[in-house]
Amino acid sequence: MTQPLPTATHWGNYLIDRAGDGELRVTPSGSDPDPSPIGRSLTATHDPDHRIARPAVRLGYYRDREHSDTTGRGREPFVEVDWEEALDIAAGALRSTRERAGNRAIYGGSYGWASAGRFHHTQGQIHRFLRIFGGYTASVDTYSFAAAEVTIPHVLGMNAYYAARQSPTTEEIARHCARIVFFGGAAARNAQVNPGSFGAHGYRDHLAALRAAGVDTINIGPVRDDLEPVLAARWIPCRPGSDVAIMLALVHTLLTEDLHDRAFLHRYTVGFDRFADYVTGRADGEPKTPEWAAALSEVPAAEIRELARLLARERCVIGLPYALQRAEHGEQTYWAAWALAAALGYIGLPGGGVLMGTGSGMTNGMQRRRLPFEIAALPQPPNPVAAVVPVARLTDMLERPGETVDYNGRVLTYPHIDLVYWAGGNPFHHHQDLNRLRRAWNRPRTVIVNEIGWTSTARLADIVLPSTAAQEREDFAAARVDHWLSPMRAALPPYREARDDYAIFAALADRLGFGPQFTEGRTARQWVEHLWQTTVDNAAAAGITLPDYNEFRSGAPIDLRPRLPESRHVLERFRDDPDRHPLGTPSGRIEIFSRTVADFGYSDCPGHPAWFPAREWLGSPRAQRFPLHLLSHQPATRLHSQLDYGATSRESKIRDREPLRMHPADAAARALHDGDIVRVFNDRGALLAGLRLTDAVRPGVVHMATGAWYDPLDPGDPKSLDVHGNPNTVTHDIGTSSLAQGPSVNSCLVQIERYAGDLPPLRIHRPPELIPAGQVGAHPT
Ligand SMILES: Nc1nc2c(c(=O)[nH]1)N[C@H]1C(S)=C(S)[C@@H](COP(=O)(O)OP(=O)(O)OC[C@H]3O[C@@H](n4cnc5c(=O)[nH]c(N)nc54)[C@H](O)[C@@H]3O)O[C@H]1N2
Ligand SMILES: Nc1nc2c(c(=O)[nH]1)N[C@H]1C(S)=C(S)[C@@H](COP(=O)(O)OP(=O)(O)OC[C@H]3O[C@@H](n4cnc5c(=O)[nH]c(N)nc54)[C@H](O)[C@@H]3O)O[C@H]1N2
Ligand SMILES: [Mo]
């Protein structure tokens, strides 16, 4: 038995030790009233079927280096090598790529959540390393929020996450607001997670407070249980992708019945007249009436009309999950919601306006409290390479070097990428249309991946460098959206030969001649202490006293909440006096019409919110062939693909396949039964899933979590059946529009049939074929 030591994850704080029988024991931190069950999966930390034990190099790359046949990725076995050899090979590839093609040919976007921990944060490590090395092609925006990240600054003149943190608090909603109208709910499963750390889960308390206050809730969306039953919400089951049509029709009713807040629109917004001309049809001959929206959304016109009157009568707030903008024309959903909120006129009043990022944003208990100081992070020198690519245009970039792409008023040129370095993310989980990515992935000569486990991405790399997991390192965790500071200790030794990303990059930097610049002469432990001490100094300057490092590391997580001042929201000050407190938009007002966006001249994103049918939705011609709308959501049982092999995730599967939820009527039409294994397909690919029937999902829609490790039946065939259930086998890899080029995950049509063949075993839960270095000569391939 050992002493329980603390670790922190994106889903909460835990203590880890070994029980008498040697089994890992994971205990949620005592200060968390509602810990996430995902934590239990941490007992799989040292699982030998999934962890990478030693550095490994793909056989063809081991033999031919940068001249290897890259189609061997995913097909060939790996040669296990010692660290010296692996680092020499990786450093050689970095050096020769730079000499041959320049730093721009190195893609280091490396998007991904990695693990909690300020110092060992993998993205910070890889970006610092590549910057000092001379730079890399970077990515911009996120898979989470790209369309809003680009749109909201044009509309509100502020960063979209900053705007999301200006949302009214639960307490204010409970006190001042009659109802919340959600488009897509506020899924409780998503409230388990915060980027950085999560000291205490308070979502259930928030729901209870809303319920106790009698706040009326409405969920407009295809899935009833995106809101917890405790709220007893009215469910309006619209078609996915039709939300903008409903919002426009709500505005249409407000206009025609003179229920809109003229005074608010006049004083606080610009361009509403142009938008109103579009809504009434004066501009394009198509009035956006409730009848018009009913045909698109399948929500009865009378219900839309009645809803508009209800919203105008009493103060309400509009709730939007991130998912709503993770679809083709996702820019429009967020913009239209702000236009609707402006027409209602509650913006900036207590409890009114818009809640952005429901299911994530309203859950963390920060409410109006902001950390008045910076939490230190690994310093980042500037990136000498200016080239950037929108994060979700990864495959386009690899496929079409030299071609251009529109992005937020700029024309970007895709660089020629010859080396991909990924650390702390899993693109073969997170990217859309994985079969297409696999073909494009063959283009660079070299792929290097630092990973904890044998993920699909690690298996498609040339050089795999095994990294430690957060539970094997000392660090501390904190987040801008949390009010806890949590110590992290090395509760477990590193798995086999795994090394910290820091040690990996320091060793590469040594070989490439900039070791001292990268490390600044500090060990990992010295860096952690240095970042803590910097944080202590920053806090002291803001009048907050924190303990020194030794006291902190041996104590419990620190709750800063009682010491944080409550702040006023930007939109409240704006409401008080828009001339003294203008927004950061060109007009200083909420831009219902943006001259800036209009002048970009994009046919797929005009200067005001507008209805655009997606290429794939239930109203499109393609629905004849693929009549089910697939929504792939965040998993309740894990963080994306992380710990998919842990107990919490695996116990949720159906005969080892990821569950997919379907309405009984759609199942009956296909003679399908609960528990069946089904084939989900379209002309991009196919996957297997385990069927769950429920009337919580409306007919025509199927609902499935992301994150099951992509497990192609034939790893050499880039059109192969994924036998495990990763929805990105079938999702559509297109930008949201020329404005944001975000991911369009939720615009996806499929067909589903019973899987008749023998059920193939999962191979992703066994390591790939590994050859000891000494035996390469003897290997037949
Ligand atoms: N279809 C569909 N696709 C989606 C989404 C969706 O809703 N539907 N959601 C999208 C969204 S919002 C997001 S944010 C992305 C998430 O996509 P990712 O962030 O890529 O997903 P994760 O599974 O969190 O991947 C993190 C990886 O980092 C590894 N890792 C963890 N700690 C360390 C470490 O210390 N060192 C190293 N080297 N590696 C480490 C983990 O093993 C894991 O493989 O997915 C996107 N994809
Ligand atoms: N447990 C857990 N929690 C997480 C994460 C995780 O991996 N695991 N990931 C975190 C991350 S990275 C992010 S970005 C956030 C993401 O948070 P979100 O993007 O908000 O989450 P999703 O689960 O993708 O979607 C929420 C719901 O939106 C609904 N929806 C989808 N399309 C439409 C539509 O067209 N119209 C309407 N009305 N509704 C629609 C779906 O029914 C879906 O269940 O969650 C975070 N929370
Ligand atoms: Mo995300």
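About the cut-offs
- Residues numbered from 1 in each chain as written.
- Chains lettered and ligands numbered in written order.
- Predicted model: local features only at pLDDT ≥ 70, side-chain atom pairs only at ≥ 80, totals over all residues.
- Heavy atoms only, no water.
- UniProt positions renumbered as here; feature names shortened; annotations may be inferred.
- Helix = DSSP H or I, 4+ residues; strand = E, 2+ residues; numbered from the N terminus.
- Buried < 20%, exposed > 50% of the residue type's maximum accessible area, 1.4 Å probe, protein only.
- Salt bridge = Lys/Arg side-chain N within 4 Å of Asp/Glu carboxyl O.

Per an unreviewed UniProt entry, the protein chain goes by the name Molybdopterin-dependent oxidoreductase and belongs to Nocardia fusca. For the record of the protein chain, the UniProt heading Sequence similarities (unreviewed entry) holds the text "Belongs to the prokaryotic molybdopterin-containing oxidoreductase family." Among the UniProt annotations of the protein chain, the heading Cofactor (unreviewed entry) holds the following wording: "Mo-bis(molybdopterin guanine dinucleotide)".

*Asks:* Looking at this structure, I do not really get unusual backbone geometry. What am I missing?
*Replies:* Trans peptide bonds make up the majority, and among non-glycine residues the majority have a negative phi. In this structure, Leu-643 is a non-glycine residue whose phi angle is positive, near 55°. Looking at the element boundaries, Leu-643 is found in the loop between β24 (628-633) and α24 (647-650). For Leu-643, a relative accessible area of 12% gives the class buried. Its identity as a non-glycine residue notwithstanding, Arg-655 has a phi of 45°, on the positive side. Of note, Arg-655 is situated in the loop between α24 and β25 (659-662).

*Asks:* I would appreciate a short explanation of the pattern of salt bridges in the present structure.
*Replies:* Opposite charge on two side chains lets them pair, provided their charged atoms get close. In this structure the tally under the stated criterion is 60 salt bridges. A salt bridge links Arg-684 to Glu-616; the shortest N-O distance between them is 2.8 Å. With Arg-684 in the loop between β26 (677-682) and β27 (685-693) and Glu-616 in the loop between α23 (595-600) and β24, this residue pair connects regions lying 68 residues apart in the sequence. Given a relative accessible area of 10%, Arg-684 falls into the buried group. The exposure class of Glu-616 is buried, given its relative accessible area of 2%. By sharing partners, the salt bridges in this structure join Arg-393, Asp-396, Glu-399, Arg-400, Glu-403, Arg-436 and Asp-733 into a single network.

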